[in-house]
Amino acid sequence: MSTLLQQTKSTPEKMNRSKEVKEGFLAAVPLIIGYLPVAFTFGLIAKQSEIDILNTLSFSALVYAGASQFMGLSMYIAGISLVQIYIATLILNFRNFVMSLSFNNQFKNLPFWHKIYLSITLTDENFAVTTLGNKTNSGSQSSIYLITLHTIAYVTWISGTLLGVVFSTLIPKVISESMGISLYAMFIGLLTPAVRTNWRACIIVFVSMLLNFSFSQLLSQGWSLILASIIASLLAIVLMKGEDKK
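All values reported here derive from a predicted model rather than from experimental measurement. Each residue is numbered by its place in its chain's sequence as written, counting from 1. With the structure being a predicted model, the display of local features is reserved for residues of pLDDT at least 70 and the display and counting of side-chain atom pairs for 80 or more, all residues being used for whole-chain, interface and lining totals. Hydrogens and water are ignored here; the side-chain numbers use all heavy atoms of the structure.

**Topic: helix α2 (residues 53–63)**
Then, in step 1: Under this definition, polar contacts are N or O atom pairs within 3.5 Å; protein pairs additionally need one hydrogen-donor-capable and one acceptor-capable atom, and for neighbouring residues in sequence, both atoms have to be side-chain atoms. Here a strand is any run of E in DSSP of at least two residues, a helix any run of H or I of at least four, and the numbering for each starts at the N terminus. Near the N-terminus of α2, the side chain that reaches the backbone nitrogen of Leu54, with its oxygen 3.1 Å away, is that of Asp52.
Then, in step 2: Positive phi appears at Tyr64, one or two residues downstream of α2, with a value of about 50 degrees.

**Re the confidence of the model for the protein chain**
Then, in step 1: Here the protein chain averages 80 in pLDDT, while 78% of its residues score no lower than 70.
Then, in step 2: The pLDDT value tells you how sure the predictor is about a given residue, anywhere from 0 up to 100. Mean pLDDT across the elements of the protein chain bottoms out in helix α10 (residues 182–197) (63) and peaks in helix α8 (residues 143–167) (93).
Then, in step 3: Pairs of residues are marked as contacts when any of their non-hydrogen atoms sit within 4.5 Å. For residues 4–9, every residue scores under 50 in pLDDT, and the model assigns this stretch zero contacts once sequence neighbours within four places are set aside.
Then, in step 4: The model gives residues 134–139 a pLDDT under 50, and that stretch makes 13 contacts with residues more than four places away or in other chains.

**Quick notes on a nonpolar patch on the surface**
Then, in step 1: A cluster of nonpolar side chains, contributed by Val83, Leu218, Leu219, Trp223, Leu227, Ile230, Ile231, Leu234, Ile237 and Val238, occupies part of the molecular surface with about 930 Å² of accessible area.
Then, in step 2: If one sorts the elements of the nonpolar patch by residue count, helix α12 (residues 221–244) sits on top with seven residues.
Then, in step 3: Think of it in three bands: residues with accessible area under 20% of the maximum for their type are buried, residues over 50% are exposed, and the middle band is partly exposed, with areas taken using a 1.4 Å probe on protein chains only. With relative accessibility at 36%, the residue Trp223 sits in the partly exposed group. What goes into a patch is any residue over 30% in relative accessible area without a salt bridge, connected to like charges within 9 Å or, for nonpolar side chains (Val, Leu, Ile, Met, Phe, Trp, Tyr), within 5 Å. Computed by Shrake-Rupley with a 1.4 Å probe, the accessible areas treat only the displayed protein chains as cover when residues are assessed. Salt bridge, as used here: a side-chain nitrogen of Lys or Arg that lies within 4 Å of a carboxyl oxygen of Asp or Glu.

**A closer look at the environment of Val165**
Then, in step 1: Along the chain, the position of Val165 falls in helix α8.
Then, in step 2: Residues Val165 and Leu44, spaced 121 residues apart in sequence, show a C-alpha to C-alpha distance of 5.1 Å.
Then, in step 3: Setting aside residues no more than four positions away along its own chain, Val165 makes contact with Gly43, Leu44, Lys47, Ile53 and Thr56.

**Details of the side chain of His150**
Then, in step 1: In this structure, His150 sits in helix α8.
Then, in step 2: One polar contact links the side chain of His150 to the main-chain carbonyl oxygen of Leu118, over a distance of 3.3 Å.
Then, in step 3: Look past the residues within four positions of His150 in its chain and what remains in contact with it is Tyr64, Phe103, Leu118, Thr121, Leu122, Asn126 and Thr130.

**Here's the deal with the environment of Leu239**
Then, in step 1: Within the secondary structure layout, Leu239 lies in helix α12.
Then, in step 2: Along the sequence, Leu239 and Ile203 sit 36 residues apart, while their C-alpha atoms lie 9.2 Å from each other.
Then, in step 3: Beyond its immediate chain neighbours, meaning those up to four positions away, Leu239 contacts Arg200, Ile203 and Ile204.

**Quick word on the environment of Arg200**
Then, in step 1: Within the element layout of this structure, Arg200 appears in helix α11 (residues 199–216).
Then, in step 2: Classification of Arg200 as buried rests on a relative accessible area of 10%.
Then, in step 3: Separated by 36 residues in sequence, Arg200 and Ala236 place their C-alpha atoms 7.9 Å apart.

**What to know about unusual backbone geometry**
Then, in step 1: With a phi close to 65 degrees, Glu50 is a non-glycine residue in the positive phi region.
Then, in step 2: In this structure, Glu50 sits in the loop between α1 (2–48) and α2.
Then, in step 3: In this model, Tyr64 sits at a positive phi of 50 degrees, which is unusual for a non-glycine residue.
Then, in step 4: Along the chain, Tyr64 turns up in the loop between α2 and α3 (66–77).
Then, in step 5: For Tyr64, a relative accessible area of 6% gives the class buried.

If you want it as structure tokens, here you go:
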């Protein structure tokens, strides 16, 4: 009798878990569509730059940040020192500390180790999905939903990188070399919506470009990028203050 009662209780729990996994997968579909081509391009460019497959996959698995991976890769190809690359990527990825704090504050009731994993696998895209997405989903606040979403996105990014490395030998050299422009296309795609709707963002972008050009006349490419990023970030703090008050 007791066994029957336990099975009856466990059935709704299994159904809820299955529903939360399904919701997490559906929420990850747009990320899969967005991540695969970008990660594929990264793996392709890394292979064309003669970086071995282990280091390329480690790059995606440990850094797991599209913009900084492309920036770090382009700086490496340009012969910039590793110290400068580390500093530049740290500055670019510093926003992840802020996002993690916000994420953990919103989902403070989750188990500690779940929050650790979710913070490590947090990106701009799944942060937007989990904090700004549809809150009517029954699983939107659960560990199962969030872990499913983050894991699928993470695996997709690494898989896309691997596919880029594998298929790099099958793609004609003319096409593979032209795909390097995807780096600039991605940055333009990220900047354009903000610049078009926010004059402050436009000023910050213009100032950072001007600073980087000016510093590059006196310093190496790596240090000019680092200094321009720091000053532009400080300017953004000042300019963006007024936006929250509106």
